[in-house]
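Understanding the architecture of this molecule
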Amino acid sequence: MLVVENLVVRYGPVAAVKGIDLAVGENEMVSLLGANGAGKSTTLLAIAGAIRPHSGRILFDGADITGMKAEKAVAAGIAMVPETRDVFADLTVRENLLLGGFIHRRRRAACEQEMESLMTMFPVLRERMHQPGGTLSGGEQQQLVIARAMMARPRLLLLDEPSLGLAPLIVNHIFELIERLRRTGIAILLVEQNATKALQAADRAYVMSLGTIAMSGTGAEVAGSSDLESIYLGRSG
Ligand SMILES: Nc1ncnc2c1ncn2[C@@H]1O[C@H](COP(=O)(O)OP(=O)(O)O)[C@@H](O)[C@H]1O
Ligand SMILES: [Mg+2]
């Protein structure tokens, strides 16, 4: 479904991603791990069309989408939840969700219907429907941005550190939610600092270090690798 070939992404003279290859299959859950600054967010942003790659190719269902604008990537079926968790604080939960649908020009009736069917998976959002987004807790805001991305009916969901800054119980809840989303048939590329949980949840995983892929394998293989710690500490980048 998603194939990334020899992707290089630069910020001016600095290469943040230095020629990586990765793939996500239909309905697959793939984790992208690595220490702070490894290039994980940059990789997701390039796939989502938010940053233009310097070189390499990004293929989605065999079509070359390299350098495609973010709106077009959404239309093609790729939605991203950035780590900034950008809830529109003054808009209600409902307005936040509807915007997620309008952004890619879906009709209001279709958006309302989508919102209704999503609410079975996000019951807390239904309770908060008419509250401003800014009044939600951190965990609820994370659910809101995930639900907002789902309003675009993506086939591939890119999640950047959804558990960041959340209490352990809330983190468990977010992981359960991700698992449920995955059971709806979509593919997920999950960036996480919480390696243990991400590896348990994932079919496969890649570990980035200093802009390169230092290790890959099934979740269990990567979790069991004696190199994992040293890669995180940047000793084998
Ligand atoms: N907007 C930016 N401008 C310049 N450098 C950046 C920018 N964003 C990230 N970087 C640099 O690119 C590298 C990779 O960052 P990032 O993709 O955010 O890593 P990760 O998500 O793995 O923590 C880091 O060295 C970071 O400092
Ligand atoms: Mg990041």
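My aim in this report is to walk through the structure given alongside it, one point at a time. (Residues numbered from 1 in each chain as written. Chains lettered and ligands numbered in written order. Predicted model: local features only at pLDDT ≥ 70, side-chain atom pairs only at ≥ 80, totals over all residues. Heavy atoms only, no water.)

Among the eight residues that make up helix α1 (residues 40–47), seven are buried, leaving the element largely enclosed by the rest of the structure. For α1, the complete set of buried residues consists of Lys-40, Ser-41, Thr-42, Thr-43, Leu-44, Ala-46 and Ile-47. Within two residues after α1, Gly-49 carries a phi angle of roughly 85 degrees, on the positive side. (Buried < 20%, exposed > 50% of the residue type's maximum accessible area, 1.4 Å probe, protein only. Helix = DSSP H or I, 4+ residues; strand = E, 2+ residues; numbered from the N terminus.)

By the definition in use, this model includes zero aromatic pairs. Residue placement shows Lys-197 over the ring face of Phe-175; its charged tip is 5.6 Å from the ring centre. (Phe/Tyr/Trp six-rings, centres within 6.5 Å; stacked < 30°, edge-to-face > 60°. Lys NZ or Arg CZ within 6 Å of the ring centre and 35° of its normal.)

The next subject is the environment of Gly-25. Within the secondary structure layout, Gly-25 lies in the loop between β2 (14–24) and β3 (29–34). For the pair formed by Gly-25 and Ile-188, sequence separation is 163 residues and the distance between their alpha carbons is 9.2 Å. Ignoring any residue separated from it by four or fewer positions in sequence, one finds Gly-25 in contact with Met-1 and Ala-187. (Contact = heavy atoms within 4.5 Å.)

Moving on to the sheet that holds strand β9 (residues 204–209). The strand order β6-β7-β8-β3-β9-β10 describes an open sheet built from six strands, whose pairing is mixed. The open sheet has two edge strands, β6 (78–81) and β10 (212–218), and neither has a second partner. The mean inter-strand angle of the sheet, taken between neighbouring strand axes irrespective of direction, is 15 degrees. By the bridge criterion, four bridges tie β3 to strand β8 (residues 187–191) in an arrangement that is parallel. Bridge pairing links Leu-32 to Val-191 in β8. The strands that helix α6 (residues 138–150) touches are β6 and β7 (156–160); relative to β6, the one it contacts most, it runs at about 165 degrees. (Pairing = 2+ DSSP bridges. Axes fitted to C-alpha atoms, helices over the stretch in contact; angles between N-to-C directions.)

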